[in-house]
Amino acid sequence: MRVLLTGGMGFIGSHTAVVLQEAGHEPVLFDNLSNADRSVASRIERITGRAPQFIEGDIRDGALLEKVLREEAVDAVIHFAGLKAVGESVVKPLEYFDNNLTGTLRLLEAMRASGVKRLIFSSSSTVYGPPAHLPLQETDPTGEATNPYGRTKIMIEEMLADLCRADPEWSAVCLRYFNPIGAHPSGLIGDDPNGIPNNLLPYVSRVANGRLPFLNVYGNDYDTPDGTGVRDYIHVMDLARGHAAALPYAMSHTGWRAVNLGCGRGYSVLEVVAAFEKASGRRVPVKFAPRRTGDIAANWCDPALARGLFGWEAKLTIEDMCRDAWRFESMRAAEAAAQTQS
Ligand code: NAD
Ligand code: UDP
């Protein structure tokens, strides 16, 4: 199958491209490189033995998207492209609305014009807002995001639901990711954000490697077993396989669906730090800091629907996640050192 991956050069998109290629599909990566490096395509080639097709472009360029969808004979779209930093979205809401909402609108128009009506969308557990109970199920209420980023995810889910109601030929599967971490086991691709990381794992990796001095643990007075925040971490390779598993479903069903992708259990910040120290053999010094605005105490999902609909479940452990994140960080640091020397 020929699958357009908007944002395909990014963290989750690149791992999904690997899994799709290995399953015999032909991913076409469409990305404006605003948060990805051009070298990702050749790294994917080193892993799979085949260079993925990469088209540099912006999802807000509807004419280009329509041309690509037609010329590349695309069967389905997986829509990863978007801005994703919660804190930045509070400071730059218009940029987030433009990139994520206008971008999605242009994409949907281009898909409609070219007759491609199969879409998998990168949604997020953030659509649930503060949970009334755990684990979170797809039937739980959404719509209470605490920031503009989260609101774009809610609005896009609703946009897709309206579209499916209006035109019964559409299929839109909203995958609600919990906390994707880890890296490809080769260490060639992973999560390498620009600047100081916002997310826990890239931050912990850099502390373990001495690039940052210590981890700020945001809050140790939550109502959780050790007082620190609890999240449902999922290995990015499991998540990537979740997309491959959702694809046949999207092709053979119409209508709107939201599906959780997570492991179905939570780990606290201190448990993640301990697992990372064990995997890396390095110390990760921590300092307790005040709670981060907008954070919730705990969330994890019920992943039963994904098992039922796609026959998918997460297999990899927190140890696998930390080991692979550490391998990626170590290789990235070694590459950077080699480049400085040459
Ligand atoms: P990422 O930033 O690594 O990947 C997003 C990619 O989209 C980047 O390569 C970027 O260059 C590209 N992009 C951004 N705006 C674009 C535009 N206008 N046109 C073309 N390309 C554009 O992020 P990721 O972690 O891989 O996340 C992928 C998707 O999953 C995002 O939509 C994100 O909101 C969602 N998501 C991520 C997480 C997470 O923790 N990583 C959790 C829930 C949901
Ligand atoms: N966290 C932390 N220090 C950091 C980054 C994150 O203590 O530098 C905590 C955060 O408060 C939350 C968990 O780690 O409890 C996961 O945060 P992340 O930003 O990775 O994901 P979120 O669940 O907020 O989307």
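That block above? That's the structure.
Residues numbered from 1 in each chain as written. Chains lettered and ligands numbered in written order. Predicted model: local features only at pLDDT ≥ 70, side-chain atom pairs only at ≥ 80, totals over all residues. Heavy atoms only, no water.

**Details of the site of ligand 2**
Moving on, step 1. In the vicinity of ligand 2 lie 14 residues, with Leu 200, Asn 216, Arg 231, Arg 292 and Asp 295 positioned nearest.
Moving on, step 2. The side chain of Asn 199 places a nitrogen or oxygen atom 3.2 Å from an oxygen atom of ligand 2.
Moving on, step 3. For ligand 2, the protein covers 87% of the area, taking 510 Å² as the surface of the free molecule.
Moving on, step 4. The biggest single contributor to the shell around ligand 2 is strand E8 (residues 215-218), with four residues.
Moving on, step 5. Class assignment of the residues belonging to the shell around ligand 2 gives a composition of six nonpolar, five polar and three charged. (Near = heavy atom within 4 Å. Polar contact = N/O pair within 3.5 Å; in protein donor to acceptor, adjacent residues only side chain to side chain. Areas by Shrake-Rupley, 256 points an atom, 1.4 Å probe, with all protein chains shown as cover. Helix = DSSP H or I, 4+ residues; strand = E, 2+ residues; numbered from the N terminus. Nonpolar A, V, L, I, M, F, W, Y, C, P; charged D, E, K, R; others polar.)

**Concerning the pattern of salt bridges**
Moving on, step 1. Evaluated as defined, the whole model comprises 23 salt bridges.
Moving on, step 2. The residue Arg 2 makes a salt bridge to Glu 26 at a minimum N-O spacing of 2.6 Å. Here Arg 2 is found in strand E1 (residues 2-6), whereas its partner Glu 26 is found in strand E2 (residues 26-31), with 24 residues between them in sequence.
Moving on, step 3. With a relative accessible area of 39%, Glu 26 lands in the partly exposed category.
Moving on, step 4. The salt bridge involving Arg 323 is made with Asp 324; its shortest N-O contact spans 3.1 Å.
Moving on, step 5. One connected set of salt bridges, linked through shared partners, spans Asp 320, Arg 323, Asp 324 and Arg 327. (Salt bridge = Lys/Arg side-chain N within 4 Å of Asp/Glu carboxyl O. Buried < 20%, exposed > 50% of the residue type's maximum accessible area, 1.4 Å probe, protein only.)

**A word on the packing of aromatic side chains**
Moving on, step 1. In this structure the tally under the stated criterion is three aromatic pairs.
Moving on, step 2. Their ring planes at 65° and their centres at 5.5 Å tell us that Tyr 249 and Phe 310 sit as a pair that is edge-to-face. With Tyr 249 in helix H8 (residues 236-252) and Phe 310 in helix H10 (residues 304-310), this residue pair connects regions lying 61 residues apart in the sequence. Of the two residues examined, Tyr 249 and Phe 310, each falls in the buried class.
Moving on, step 3. For the ring pair Phe 276 and Trp 326, a centre distance of 6.0 Å and an interplane angle of 85° mean the geometry is edge-to-face. With Phe 276 in helix H9 (residues 269-280) and Trp 326 in helix H11 (residues 318-341), this pair connects stretches of sequence that are 50 residues apart. In terms of burial, Phe 276 and Trp 326 fall into one category: buried.
Moving on, step 4. The residue whose ring lies beneath Arg 265 is Tyr 267, and the NZ or CZ to ring-centre distance is 3.8 Å.
Moving on, step 5. Just above the ring of Phe 214 sits the side chain of Lys 287; from NZ or CZ to the centre is 4.1 Å. (Phe/Tyr/Trp six-rings, centres within 6.5 Å; stacked < 30°, edge-to-face > 60°. Lys NZ or Arg CZ within 6 Å of the ring centre and 35° of its normal.)

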